[in-house]
Amino acid sequence: MDRPDFTGREFHGAAEPQPKNLTTKTRRREEILCDSSRLRVFVVNRISLWGRKSERSSKSAMASVLIVEDEPKMLRLLELNLGEEGWTTFSAGDAETGLKILGREAIDLVLSDFKLPGMNGLEFLDAIHRVNAEVPVVLMTAYGSVETAVEAMKKGASNYVLKPFSLEEIKLVVRKERDAHRLRVENRTLREELGRRYEYPNLVARSAKMQEVLAAVERVAPTNSTVLIGGESGVGKELIARAIHQRSRRASGPFVKINCTAIPENLLESELFGYERGAFTGATATKPGKFELADKGSLFLDEIGDVPQITQAKLLRVLQEREFERLGGTRTIKVDVRLVAATNRDLRAALEQGTFREDLYYRLNVVPIDVPPLREHAEDIPGLVEHFLAKYRGESGKQIRGVTPQAIQLLANFHWPGNVRELENIIERAAAFAKGEWIEAGDIHLDTGPAKGSNAPMGFLPPGMTLDQWEDEMIREALRRSGGNKSQAARLLGLSRNALRYRLSKIGIADDPEMP
Ligand SMILES: Nc1ncnc2c1ncn2[C@@H]1O[C@H](COP(=O)(O)OP(=O)(O)OP(=O)(O)O)[C@@H](O)[C@H]1O
Ligand SMILES: [Mg+2]
């Protein structure tokens, strides 16, 4: 007998029913031939979309196959081999059991004998599709004929293969089914994503890059996974963190934020975990920490890269066990909190320098979302300008109608080292100082000094200035630009809050730990 054609377009061999027994001839020819060497396989390859159940299972790494076969030996053989192939297998010795499993489990493919006790393959095909109209079915039969195959196709089959089969061959058939299944699901997901625009109030994100970010938000929001949001200062990390919370099942719960940079090292732990009365001098009453306050909601750990090492160890424990004790307390408190962390630092570099714990990094970085810098989605600038104008128009007390095309052009060409926040500040200022009804190019004051990401040529130290003096000057300039906000100054300089504190003390500028 010829080898079967797995494209399933041809039948080989006798059309008459054949007994299910072994022939030594076939056994010799095929090294790993299945027991029922005269079996024929119909691949009932339905080109149709997959049902909700199969979609669910497609998201997990393994696809699941239901094997319906009344010969126990054959059943076992298929189970073992498909299991080895990475399929999750469900087995049934008869049609009725098979249908029950199909109704209960998320099955991606049915592999069934054509002749089952009490039901033939065509009836079974019908019954299968009554339970799950979209699941593809591979039929194996010793009772096949072209007529039966045609009949099977009429009932929804688009493809079939007749054979005595080797295990390698059956594996190939089901592998093809799995690949086709994945492709269909992927195509559909892509089509859906392409056709869909994500809209959030307060968030301007029309560019493809920002739409990708929002697609990630949509995917992760309903889960409980920890998210690590990365991106330069001012790109909108906090806005994205809030969007995740709003789109989650915890939306009605609290969104609690803690800025790990702004809080002095010795206070961070008590802020996070709370304290008991008398835990330290000044602890006159018991106070719950942010973790407790965020119970049933989300906790946003901003600037996670600035968490000191000792606190990192404690954070790791909460992430692993979702429990902690208040400072000075003995009672273990359990919380149900979803963590979203953000950083504008390269945490990988911090890992290499040993300033950030690797185990904590991996716990936090379950789902990374990177928000692109504004210069990479300049298409959003007109929309953002409109958005900020709507926000500040009222405050300016003027009848500002809009921004001239020249002004938009100026904004679109800028490299935006301070990203969306910087754009917002510039629009606020322009709205306040605009002389006419329109904001013109002349009303826009960009900070065009050499900055990260600009193409300005590298200069050298001003004549007569030492490197230390120049560094001092940069620190003072950063403080001026941030309006005295030291956390922001630290960000502008690419320093941690602690590193800035050290440099400030060196140049004799007082640093009040209570100040941001
Ligand atoms: N896509 C956006 N649409 C509308 N407003 C935005 C957008 N992105 C950022 N903003 C605004 O820009 C400002 C800065 O955003 P946000 O605080 O979320 O940035 P960030 O990345 O957390 O900054 P930092 O690293 O400095 O903490 C906020 O006022 C925010 O509302
Ligand atoms: Mg922020």
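Residues numbered from 1 in each chain as written. Chains lettered and ligands numbered in written order. Predicted model: local features only at pLDDT ≥ 70, side-chain atom pairs only at ≥ 80, totals over all residues.

**Student:** Kindly report on the overall build of the protein, identifying the contributing residues and their values.
**Tutor:** Along the backbone of the protein there are 20 helices and 16 strands. Expressed as a percentage of its 516 residues, the buried residues of the protein come to 35%. Restricting the contact set of the protein to residue pairs at least 6 apart, pairs at least 24 apart contribute 74%. (Helix = DSSP H or I, 4+ residues; strand = E, 2+ residues; numbered from the N terminus. Buried ≥ 20, exposed ≤ 12 C-beta atoms within 10 Å, placed from the backbone. Contact = placed C-beta atoms within 7 Å.)

**Student:** Outline the pairing of strand β2 (residues 64-68), supporting the account with residue identities and numerical values.
**Tutor:** With five of five residues buried, β2 lies mostly within the body of the structure. Residues Ser64, Leu66 and Val68 line one face of β2 and the alternating positions Val65 and Ile67 line the opposite face, and both faces are buried. The sheet contact formed by β2 and strand β3 (residues 88-92) spans five bridges and is parallel. Bridging across to β3, Ser64 finds its partner in Thr88. You can see the chain leave β2, run along helix α3 (residues 72-84) and come back into β3, and the turn it takes is right-handed. Pairing geometry for β2 and strand β4 (residues 109-113), over four bridges, is parallel. Note on β4: the bridge partner recorded for Ile67 is Leu111. (Pairing = 2+ DSSP bridges. Right-handed = clockwise from strand over helix to strand, strands pointing away.)

**Student:** Give me the confidence of the model for the protein: which residues, what numbers.
**Tutor:** When pLDDT is averaged across the protein, the result is 78; 77% of the residues are at 70 or more. Low pLDDT, under 50, characterises residues 1-61; the predicted model gives this stretch 148 contacts beyond four residues in sequence or across chains. Contacts for the low-pLDDT stretch residues 450-457, under 50 throughout, to residues beyond four places or in other chains number seven contacts. (pLDDT = per-residue confidence, 0-100.)

**Student:** Outline helix α9 (residues 237-246), listing residues and values.
**Tutor:** The complete set of buried residues in α9 reads Lys237, Ile240, Ala241, Ala243, Ile244 and His245. In this fold, the buried residues of α9 make contact with α8 (208-220), β6 (227-230), β7 (255-259), β10 (298-302), β13 (338-343) and β14 (367-370).

**Student:** So what's going on with the site of ligand 1? Residues and values would help.
**Tutor:** Looking at ligand 1, there are 18 residues lining it, with Ser233, Gly236, Lys237, Glu238 and Val420 nearest. Every element with two or more residues in the shell around ligand 1 is listed here: α9, α15 (381-396) and α17 (419-433). Along the lines of polarity and charge, the residues of the shell around ligand 1 split into seven nonpolar, six polar and five charged. When residues are assigned to domains, the shell around ligand 1 turns out to be shared by domain 2 (208-372) and domain 3 (375-506), each giving three or more. (Near = placed C-beta within 6 Å. Nonpolar A, V, L, I, M, F, W, Y, C, P; charged D, E, K, R; others polar. Domains from an automatic or database assignment.)

**Student:** With reference to specific residues and values, describe the nonpolar core.
**Tutor:** In terms of nonpolar packing, the biggest core is built from 62 residues, with Val213, Val217, Ile229, Ile240 and Ile244 touching the most fellow members. Here this core gathers at least three residues from each of two domains, domain 2 (208-372) and domain 3 (375-506). Not counting residues within four places of it along the chain, the set of residues in contact with Ile240 comprises Val213, Val217, Ile229, Ile369 and Val371. Counting 34 residues, the second-largest nonpolar core is a separate cluster that includes Leu66, Val68, Leu111 and Met140. (Core = buried A, V, L, I, M, F, W, Y, C linked by C-beta atoms within 7 Å.)

**Student:** Requested: an account of the packing of α15 against helix α16 (residues 405-413), with residues and values cited.
**Tutor:** Here α15 crosses α16 at 115°, and the two axes come no closer than 10 Å. Regarding α15 and α16, the two cross each other, and that crossing is right-handed. Residues Ile381, Pro382 and Val385 of α15 pack against Ile408, Leu411 and Ala412 of α16. Taken together, the residues of the contact of α15 with α16 sort by class into six nonpolar, no polar and no charged. (Axes fitted to C-alpha atoms, helices over the stretch in contact; angles between N-to-C directions. Left-handed = near helix turned anticlockwise from the far one by under 90°.)

**Student:** Account for the sheet that holds β14, with residues named and values stated.
**Tutor:** Spatial ordering of the open sheet is given by β7-β10-β13-β6-β14, a layout of five strands whose pairing is parallel. Strand pairing shows two members of the sheet lacking a second neighbour, β7 and β14, which therefore form its edges. With direction set aside, neighbouring strand axes in the sheet form an average angle of 20°.

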